[in-house]
Amino acid sequence: SALMQIGAKLGRNKFSKYNQVFGFGQKTGIDLPGEMAGQIHTKEELNPVELATSSFGQTQTVTMIQMAAAFSSLVNGGDYYQPHNVKEIQNENGAVVDSVDPIVVKKTVSDATSSLIRKYMKATVEEGTAAPAQVKGYLIGGKTGTAQKRPVTDKKYLVSFLGCAPADDPQAVIYVIIDEPNV
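A quick note: this is a predicted structure, and the numbers were derived from the prediction, not measured. (Residues numbered from 1 in each chain as written. Predicted model: local features only at pLDDT ≥ 70, side-chain atom pairs only at ≥ 80, totals over all residues. Heavy atoms only, no water.)

Novice: Sorry if this is basic, but what is going on with the overall build of the protein here?
Specialist: Each helix and strand in the protein was counted, giving four helices and seven strands. In sequence order, the secondary structure elements of the protein are arranged as α-α-α-β-β-β-β-α-β-β-β. In terms of C-alpha radius of gyration, the protein reaches 18 Å, essentially the compact-globule figure of 16 Å for 183 residues. The principal-axis extents of the C-alpha atoms in the protein amount to approximately 60 × 40 × 40 Å. Counting over 183 residues, the protein shows a buried share of 27%. For the protein, restricting intrachain contacts to residue pairs at least 6 apart in sequence, the fraction spanning at least 24 positions comes to 48%. Counting every atom, the protein has about 11900 Å² of accessible surface; 56% of that belongs to carbon and sulfur. Each charge class in the protein was averaged separately, 18 positive and 18 negative side chains, and the resulting centres sit 10 Å apart. (Helix = DSSP H or I, 4+ residues; strand = E, 2+ residues; numbered from the N terminus. Rg over C-alpha atoms; globule rule 2.2 N^0.38 Å. Buried < 20%, exposed > 50% of the residue type's maximum accessible area, 1.4 Å probe, protein only. Contact = heavy atoms within 4.5 Å. Areas by Shrake-Rupley, 256 points an atom, 1.4 Å probe, with all protein chains shown as cover. Lys, Arg positive; Asp, Glu negative; His and termini not counted. Charge placed at Lys NZ, Arg CZ, Asp CG, Glu CD.)

This is how it looks when you write it as structure tokens:
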């Protein structure tokens, strides 16, 4: 309900803009073959029902790479980096034979917004739905998700956790999806 209210307040123009800012519906350009763009509604298709359902992730599809890249920018201060498969390649002696320098593509959110998101993500793990993600000795921040698979009458789901550690100064992003959990 809250996300639908937020979507309605944003309206189709801003909602569509945010999809674009975070790279949803676009290929990221990661150095892997066969990348898909996912499917999102165009601005013109975002009528009240589509806007409401899209606000909580229904009726749109995004890739794990898109989600991880967007999430990383939310928790790292707002820098959206070009995703890559590897940081460097070493030979059998451990010498670096090729490396990929990080490239900031755009700014998605302000430092202040990123700080607030990290605070909320930490609370979600410490007090909310992501409590099972707690790891002794680590500050974890993150968000749980549930996606209904089609056809919806089959009542099959994907459950996920997208998080970062340490929550106050993220150095790693963790994205776990369980397809059709046996619960």
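Novice: Would you take a moment to explain unusual backbone geometry for this structure?
Specialist: Glycine aside, residues mostly have negative phi, and peptide bonds are mostly found in the trans state. Residue Pro151 is bonded to the preceding Arg150 through a cis peptide linkage, with omega at -5 degrees. With respect to the helices, strands and loops of the structure, Pro151 is situated in the loop between β5 (141-148) and β6 (157-165). Along the chain, Ala165 connects to Pro166 via a cis peptide bond; the corresponding omega equals -15 degrees. In this structure, Pro166 sits in the loop between β6 and β7 (172-179). Even without being a glycine, Lys155 presents a positive backbone phi close to 55 degrees. In this structure, Lys155 sits in the loop between β5 and β6. Of note in this structure, Glu180 is not a glycine but carries a positive phi near 55 degrees. Mapped onto the elements of the fold, Glu180 is located in the segment after β7.

Novice: Would you mind going over the pairing of strand β3 (residues 96-99) with me for this structure?
Specialist: Relative to β3, strand β2 (residues 88-90) runs antiparallel, the two being bridged by three bridges. Residue pairing across strands places Ile89 opposite Asp98, the latter belonging to β3. Hairpin connection between β2 and β3: a loop of five residues separates the two successive antiparallel strands, and Gly94 in this loop has a positive phi of roughly 90 degrees. (Pairing = 2+ DSSP bridges.)

Novice: How should I be thinking about the side chain of Ser114 in this particular structure?
Specialist: For Ser114, the location among the structural elements is in helix α4 (residues 111-127). A polar contact is formed between the side chain of Ser114 and the backbone oxygen of Leu74, at a distance of 2.6 Å. If we skip the residues at most four places from it in the chain, Ser114 touches Ser73, Leu74, Val75, Asn76, Gly77, Gly78 and Val109. (Polar contact = N/O pair within 3.5 Å; in protein donor to acceptor, adjacent residues only side chain to side chain.)

Novice: What is the right way to read helix α2 (residues 48-55) from this model?
Specialist: Residues three or four positions apart in an α-helix share a direction because the helix packs 3.6 residues into each turn. Where α2 is concerned, the buried positions are Leu51, Ala52, Thr53, Ser54 and Ser55. Elements that come into contact with the buried residues of α2 comprise α1 (2-21). Gly57 occupies a position one or two residues after α2 and carries a positive phi of about 95 degrees.

Novice: Quick question: what am I supposed to make of the sheet that holds β6 here?
Specialist: Pairing between sheet strands relies on hydrogen bonds along the backbone, with the strands arranged either parallel or antiparallel. Spatially, three strands are ordered β5-β6-β7 in an open sheet, and the strand pairing comes out antiparallel. Whereas interior strands pair on both sides, the edge strands pair on one side only; in this sheet they are β5 and β7. This sheet shows a mean twist of 10 degrees between the axes of neighbouring strands, independent of strand direction. In this structure, β5 lies alongside β6, joined through eight bridges in antiparallel fashion. Across the sheet, Gly145 pairs through a bridge with Ser160, a residue of β6. Seen against the sheet, α4 touches β5 and β6 and runs at an angle of roughly 75 degrees to β5. (Axes fitted to C-alpha atoms, helices over the stretch in contact; angles between N-to-C directions.)

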